[in-house]
Every structure is written in C-alpha cells, then in structure tokens.
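If you want the building blocks of each chain, they are given just below.
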Amino acid sequence: MKLMKTLLTAAALTALLGGSVYAKQLVYCSEGSPEGFDPALWSAGTTFDASSRAVYDRLVDFELGGSAIVPSLAESWDISEDGTQITFHLRKGVKWQTTDYFTPTREFNADDVLWSFNRQADAASPWATYVDGASYQYFDSTGFKAAFKSVEKVDDYTVKFTFNSADSTVFVNFPMDFLSIGSAEYAAQLEAAGNMAQFNTLPVGTGGWQYVDYQTDTVIRYKAHPDHWSGKENIDDLIFAITKEPAAAQEALKAGQCDVIPYPIPADVDALAQDPNLVVTQTPGENVGFIAYNTQQAPFDKKEVRQALNMAVNKQAILEGVYSGKAQLAINPLPASSWASDPAGTIGTYDPEAAKKMLADAGVTDLNLKLWWMPVARPYNPNGKRMGELLQADWSAIGVNVELYSADWPVYLEESSKVDRDGAVMIGWGADNADPDNFLGVLLSCAAVGSNNRAQWCNEEYDAKIAAAKATFDQAERAAIYFEAEKIFHEEAPWLLLAHSNQYLAHSKRVLNFKQDPLGFHRFDGVDVAE
Amino acid sequence: MLKFLLKRLALLIPTFIGVTLVAFFFIRILPGDPVQVLAGERGVSPERHAEVMRQLGFDLPLWQQYFNYLTDIFRGDFGTSFASKRPVLYEFFSRFPATVELSLCAIFLATLLGVPAGILAAVNRGKWIDQATMGTALVGYSMPIFWWGLLLIIFFSGYLHWTPVSGRIALNYFFKPVTGFMLIDSLLSGQKGAFTSALHYLILPTVVLATIPLAVIARQTRSAMLEVLGEDYVRTARAKGLPSRRVVALHALRNALIPVVTTIGLQVGVLMAGAILTETVFSWPGIGKWMIESVNKRDYFVVQSGLLLIALIIMTVNLIVDVLYAIINPRIRHQ
C-alpha cells in the first residue's frame, strides 16, 4: 500500500513537472505600450501587434511573411461582375475565446461580421462613441467608409457586402487590422451591463492567443487559444515585455531576457548578427522616404527646376551616410517589390553640372530653398538632420542657397501639409496594405492635396490613370496603367525619391519558424521555441 | 491651531487656481493638437478633424473649456486620455506607485551613502580621501543620466549578467497589483522569491536615479560638517578630551544634519526630472515618461490633469508637514 502511494505521488509529481516543463514561453520585447485592445480605434503598429495580430482574426488575412491575401474566418469569397458586391463564405466551427470575463454561448457566425462592420459605419450606433473621443480612423481615412454601402446576412455563414462603386482597392482593406472581427455576443453583454469601455481593455477574439493580463507600460500576457480553428499555437505563454529603449532591448536579447526584439538599431545590426546565439532577419521595407517640393510655388512649379534639383543629389552618399547602406534606393514612388512598380523606373542621374545648366536654362538664378528636415527618426528615414545636411551640401554645390528648417513633430506634420507651405519637405510613408494605390493614390492624387500629398501636386493625366486603375480588377491591366502613371511621375518630378529602408528584426536562436512580415507586423503564428 | 490650519488651507486656494491655470494653458500654448498627432503622416481631413475636436469640446472658447475643466474636477472627473481612451485618474494611479517606489529607494540610497561620504571627506579635509570623495561626487553630479543608465546596463546586465536589463520583476512571477508598489505586492503575493526578484530589478534604476542626489548630499554634508567642526562647542568638546569619533557623531553631525535634511527634501524635484530618463532607459512604468509622452502627443486632459494631480499631492504633503511642524514647534503657529 505504501509503495503504491509513493508511486502514485511520484507519477503525479512527474505529470505536474512535465506539464510545466512543456509549457512553451516566448518573450517579445515590444517597442511600446498598446493604446488599447480594440484595433478599430487605433492606427499604431504597436497596438495592432498587441491586439489584432494576437487576439483577433479577420475575414481574410495577409499570408504569413508576405502580403498576398489568404482565407481566414472566410473560407472563400466571390466578387460580383460589376465589382460592387463581395460575398464571403464563412468558416464553420470557429470558437470564441473563453476568458475570466466572458464565456461564449455560441460559435462565430455572420452576426459577428455584421456587428464588427456596422459599429464603425453607423454613426448612430452606441458603439460609435463607446469611449470618449472614439474615432474609427482607419475605417474613415482609408476611404472604406466612403465606399461601404451595406453588409447583409445571407445566412448564418454567408455575408454580402455592397459598395457604392466598383473599386479594386477596397478588397485589400479586409485583411487590415481595423476590420478585425469582434464578438457580437460579448458586445451585447457589455452594452447591457453599461460597461462598453471594457471592449477596449479586455479583448475577446477568435485569434491564436487569448488575453490574460496587462500591467500598464510593463507586460502583456497571453495564453494560447486552445480551440483555435487552425489548431492550438505552439507557444503556450506569449509575453510582450514592453521595452521602449532600443539599446536596452538589445541588451535584454543578448542576456536572454527577450526572445525577439522588433527594431534593432541599424548601426548595431552587424554586431548582433555576429552573436552566435542570435539571428538577425531583414526584409525590404514596404516604405518610401522622399522630399516633396511644393509644386504650387514658384519656381518649384517648373518641372525643370525640380528635375535639376533631383539631378544634383548624390543619392549613393545619402544611402551610406543616412541609412548606413541598409536601404534600397527608390526607383519608383512605391516599393520595388510591388507588382505595380515599373521595372523601367530608375534612381535618376547624378550630374551636378547638368543640373546647374538646367537651372540656368530655366532662367532660375539665386535660388533659395527652405528644406524641412524631420525632427524624429522614422522607419523610412533614420536621421533627418543628417539627410538635410547632405542635401544642403549637394544643392549648395549648384548654387542653391538652402535654409535648413525643422519644427516639433506634431507641428511639422500639420504645417508641412499646407498648400501654401514654403519649401521642400522631408517625409515618407509606410504601407498600410500591399495595394499600389496606398502609395500612388494616397500620396500623389489631387484629392490628397492639402493633406498627404505634400508636393501639392495635382496632375490631371496622372489622376485619371490612378482612377482608371482603381476601377479595374484585372491585376495585369492595373499594373500597365500604374506603369504609365509612374512615367508621368518621373517626368514631372514632384518628389526627390530617396530610399526604401530595410526592416530588421533580431531573435534568439531558440526561436524557430519566425517569419518577418514585410508590412511591419510582428506575428507569432506558427512560431515555436526549441526545447 | 484651528486658526493656523484655516490660514494654511486658505493659502491653498490661490495655489490650486494657479496650478490649474498653468496646467491648462501650458499644453494649449504648444502648437499642434491631439487629433493631428494621432493621425501622424496619414493626416486627417479638415472635416474629420473638426468633428473630433468638437466631440472633445476643443472647439469651445478657451474660457469655457477652462470652466468645464474646473467643474469636472470638482465632480471628481479628471477627463479621459485621448491617446488611450481611459480615465486619466486610472492612468495616473496605475503609474504613480512605480515612480514613488523608485524615488524612495533612490533617496534612501543617496542618503545612506551620501551622508557618510560627506562626513568622511570633512574629517579628512585636504587629504586624498577628501579629494577622491569630492572628485567622485563631482563626476556623479555631472553624469548624463541616460548615458550612465545604458552604460550600467551594458556592463552589469549585458557583460556580467548580474542584474536584469529592465522591468520591475522577473516574468515568471505573475500576480495582480494590490498597492502598485512592487516590493509590497511581491510580499503580499506570497510567491517564493518574488520579493528578492523585485529588489533585484530595483538595483540599477535606483543606482542611476540616486547618482545626482548622492553627489549633492555628499557635498552638502561635507560643507555643513566643515562649518560645524570649526565651531567653539566642537573645540570645547575636543578640549574636554572626548574621543574624536564621539565629537563627530554626537556634537558635530546632529547640528550639521539640519541643512542636509533640507537638501534631501529639495532633491525631490531632481528625482522627478531624473525619473523621466531613468524610466525611459529601464522601461520603468512611472509617471515621468508618461507625462512627457503625453506632452508630445498633445494629450490635453492627461497633461492638465496629470500636472494638477502631482501638484495636489505635493500640496497635501506640504500641508501635512506644515501642520506637524506647527504641532512640534508652537512658535510657528503663533507667527
């Protein structure tokens, strides 16, 4: 009897210890705190990593490590011939996460899709203002709101979206974070309890990890959703340890306190790569850094002046001096990896003598240029001041008097958008999605003058091409139209094109199957850790 | 006593109004607004911008916004953070204990080391100990906090692996905060090793934050001690044949400590400034970094209410100290 008792105790202890040994943990040293956990309210990648990418799913998603669109909560979809309707066929048997604060009584169905879209579209919905200052910014700013007409439930597992016009750029919004699918049942419970704000602090989704706890500015804990539709994730405990200082994050990675860090300092990338315990990955950034002239102000309204200024810049020196060689010089206003990037595009010629002559031919002498340099480091431009100094030297060499100017970042953003802004502004863009319109339309269309179109450039021929491409659903046909638009861009030179900055990520060698995302997300689907 | 108390309370009213005015207008003087900042490079249409500004009440005349702000405060509503959509009061008190805990540890360390260092330097005036101590203090006083923090991390955490890089406790300890003070919460959690872990995580941030106050306290102690050591009563004590250690500890130090204690009190402001950088380097979730980020985001409600809350806490502490002082020293309340 005593022996039996001992054996049973030993077996229980083994099982207990075994359980804890096999619980796999991954620590991600995230670069900031999430603004909240309702992805529809926010626009920061840090917030999306912590909310939508961990907890939620969408109807369709970006493929892991790529930007192609793949099924997710919808198994398939049909687009009507006139392009104004999209019907999604939903996956059956998808379970909502069960947490301390919500126990679902049903599986995911069409009601959840309708709720997730209508709460953002309907200004009269109580969810339109469920927290103070609520603003569904992406739903509005991507143009989805303007395009969206209705969503209807065909049956429990089929939903049909209707749009105001045929627009090939609409579909690419569906894998974006702001269109994550929330639980209508959870929302109704919160509404009935008068506690709607909880939707932004205690999330419930169908995604790979469920929320456990968030200690402000310190740590977010998740555990694997045991009933995820694609199977339970390998990592049992996913931890976001918030480490805002990149140098400290690097030390934590080296010391084994982090498994993954998102943004190693570019100058330290080579040293990290030489560490035998670490892996550094890189991907060409889906971003672009550029200088936007104000094409509505003399003499920069003359394309010859803009062309001459572009020709005077030694971009190779900027690539080395500003990006430490960790970027690709831009040949078009959108990343070279895009199917819409014209391979005939070039980085342009560097010829200061020809530039000087071109300015003289245009009748421009004693040219003064106010150059706005960015006061902050951004993924598309790590050192605005250094870039400003290099540009000042290049332009001074052809006789242009350059005044360097900067301002506090919020002021910079606001003032640099204004149509009557004086001078050329250093700025850039990171992709929201993989559609070419996210660069060519958002940054250069006439509709964006006074906001994102900081060149204040409105070219009717270019605009017509962009509009035609949006109305076309055949990718090859769209690409051909975009190639023509890019030719106009090169001829008109509203920008000085600079570079697409590479994105780096570092992780411990014990982390397996991690795929770096070209759109800048940090996803842990399918990731494992070595025993 | 009641009269004294009422007088002190009455003095709080103009201070309170002054703080609300400064806090309210300071953030609004800065160009840019929260909606623009949140939109970033993506921008926001003028219509949408106007709509959100209206929702938040920022379209009203300034005097009306200020009036609403005061009314809300008296109702206990400190507003909602535009950046997080959570009540400012919640945001503040979820961070405040972390800053207080770190500051208390830093001032404790600075006093513990600074006072003996100052005494040692004073009693060895002109000798190498004096020069070494004061030289070190000067280096400490001139130390750029951010750089110093990173240097310590690289050496002690990265190279020697003695201390953790950042955070407040090892990630394998998981418990809900009760007081927000990690040392207390780790004890309350009952988890074995949690308190030691929390202490371990406090070492580097405490050393970094204590560096400047330590230098100031050491220098102040030295100069106060030197002054006192030259006094007649110290000479008399020595003449009586008392041992030197007894003269220093009992006769000189007690009197020299008066200006030192005042200096320690004044270091609170220095700690707040240092906390911003220390919190950044060590990812310490305190109010210093939060306030700076809120200014950058033009999060009006956080800045105006956060500053007010800090001021209210300081005002309350000052009031309590004044009252206690008056109880101890009757001359004060009769002045």
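Report follows, based on the coordinates. Predicted, not measured: the structure shown is a model, and the values here were computed from it. (Residues numbered from 1 in each chain as written. Chains lettered and ligands numbered in written order. Predicted model: local features only at pLDDT ≥ 70, side-chain atom pairs only at ≥ 80, totals over all residues. Heavy atoms only, no water.)

### Considering the overall build of chain B
Helices and strands together make up the secondary structure of chain B, namely 14 helices and 0 strands. Reading chain B from its N end, one meets helices and strands in the order α-α-α-α-α-α-α-α-α-α-α-α-α-α. Principal axes of the C-alpha set define a box for chain B whose edges measure 85 × 60 × 40 Å. Counting only residues that meet the buried cut, chain B has 49% of its 335 residues in that class. Long-range pairs, those at least 24 residues apart, make up 73% of the contacts in chain B between residues at least 6 apart in sequence. Accessible surface for chain B amounts to roughly 17,000 Å². Of this, 70% is attributable to carbon and sulfur atoms. Side chains of chain B carry 29 positive and 18 negative charges; the gap between the two charge centres is 12 Å. (Helix = DSSP H or I, 4+ residues; strand = E, 2+ residues; numbered from the N terminus. Buried < 20%, exposed > 50% of the residue type's maximum accessible area, 1.4 Å probe, protein only. Contact = heavy atoms within 4.5 Å. Areas by Shrake-Rupley, 256 points an atom, 1.4 Å probe, with all protein chains shown as cover. Lys, Arg positive; Asp, Glu negative; His and termini not counted. Charge placed at Lys NZ, Arg CZ, Asp CG, Glu CD.)

### Here's the deal with the nonpolar core
In terms of nonpolar packing, the biggest core is built from 142 residues, with L59, F88, F117, F161, F174 and W395 of chain A touching the most fellow members. Apart from the residues within four sequence positions on either side, L59 of chain A is in contact with P71, S72, L73, A74, F88, L90, V113, F117, F161, F174 and I181 of chain A. Counting 37 residues, the second largest nonpolar core, distinct from the first, contains V228, L229, V247 and L253 of chain B. (Core = buried A, V, L, I, M, F, W, Y, C linked by side-chain atoms within 4.5 Å.)

### A short note on the sheet that holds strand β17 (residues 424–430) of chain A
Residue and element names in this part refer to chain A. Here 6 strands make up an open sheet; going across it, the order is β14-β18-β13-β17-β15-β16 and the pairing mixed. Of all the strands in the sheet, just β14 (327–329) and β16 (401–405) have a single pairing partner and so form its edges. The average angle at which neighbouring strand axes cross in this sheet is 25°, direction not considered. When strand β13 (residues 287–292) meets strand β18 (residues 495–501), the two strands line up antiparallel, connected through 4 bridges. Considered in β18, the bridge of A292 is made with W495. (Pairing = 2+ DSSP bridges. Axes fitted to C-alpha atoms, helices over the stretch in contact; angles between N-to-C directions.)

### A short note on the interface of chain B and chain A
Contact with chain B, which involves 50 residues of that partner, is made by 53 residues of chain A. When chain B packs against chain A, the two sides together hide about 4,100 Å² of surface, and 52% of this comes from carbon and sulfur. When the area that chain B buries against chain A is broken down by residue, the three leading residues are E41, R42 and L171 of chain B, summing to 21%. The interface formed by chain B and chain A includes 4 salt bridges. With a closest N to O distance of 2.9 Å, R95 of chain B and D217 of chain A form a salt bridge. Summed over the shared surface of chain B and chain A, the number is 10 residue pairs in polar contact (both at pLDDT 80 or more). Among the secondary structure elements, those contributing two or more residues to the side of chain B that touches chain A are α2 (34–39), α3 (46–55), α5 (88–123), α7 (145–159), α11 (244–281) and α12 (287–296) of chain B. Per-element accounting of the side of chain B that touches chain A gives the leading share, 6 residues, to α7 of chain B. (Buried area = accessible area lost by both parts, 1.4 Å probe. Salt bridge = Lys/Arg side-chain N within 4 Å of Asp/Glu carboxyl O. Polar contact = N/O pair within 3.5 Å; in protein donor to acceptor, adjacent residues only side chain to side chain.)

### Regarding empty space enclosed by the protein
Scanning the entire structure with this criterion turns up 4 cavities of 30 Å³ or more. Estimated volume of the largest cavity: approximately 70 Å³. Lining the largest cavity are D217, I242 and K244 of chain A together with E279, T280, S283, W284, P285 and K289 of chain B. Classifying every residue of the lining of the largest cavity gives 3 nonpolar, 2 polar and 4 charged. (1 Å grid on protein atoms, 1.4 Å probe; cavity = no way out; pocket = protein on both sides within 12 Å on 5 of 7 lines; lining within 4 Å. Points joined across faces, edges and corners; volume = space filled by probe spheres on them. Nonpolar A, V, L, I, M, F, W, Y, C, P; charged D, E, K, R; others polar.)

### Thoughts on the layout of surface pockets
In this structure, the second largest pocket encloses a volume near 990 Å³. Forming the walls of the second largest pocket are 43 residues, and the residues nearest its centre are S141, T142, G143, V442 and N452 of chain A. When contributions to the lining of the second largest pocket are tallied by element, the ones reaching two or more residues are α5 (137–141), α6 (144–147), α15 (437–440) and α16 (460–470) of chain A together with α2 and α3 of chain B. For the lining of the second largest pocket, a count of residues per class yields 17 nonpolar, 16 polar and 10 charged.

### Considering the sheet that holds strand β7 (residues 158–163) of chain A
Residue and element names in this part refer to chain A. Pairing within the open sheet is antiparallel, and its 4 strands lie in the order β4-β5-β7-β6. Across the chains shown, the open sheet's two edge strands, defined by having one partner strand only, are β4 (74–79) and β6 (148–155). Neighbour-to-neighbour, the strand axes of this sheet turn through a mean angle of 20°, independent of strand direction. Sitting on the sheet, helix α4 (residues 110–121) is in contact with β5 (85–90), β6 and β7, with an inclination near 165° to β6.

### What about the packing of α5 of chain B against helix α9 (residues 194–229) of chain B?
All names here are of chain B. Contact pair α5 / α9: the axes reach a minimum separation of 5 Å and the direction vectors enclose 35°. Every pair of crossing elements has a handedness; the one defined by α5 and α9 is right-handed. Taken together, the residues of the contact of α5 with α9 sort by class into 24 nonpolar, 6 polar and 1 charged. (Left-handed = near helix turned anticlockwise from the far one by under 90°.)

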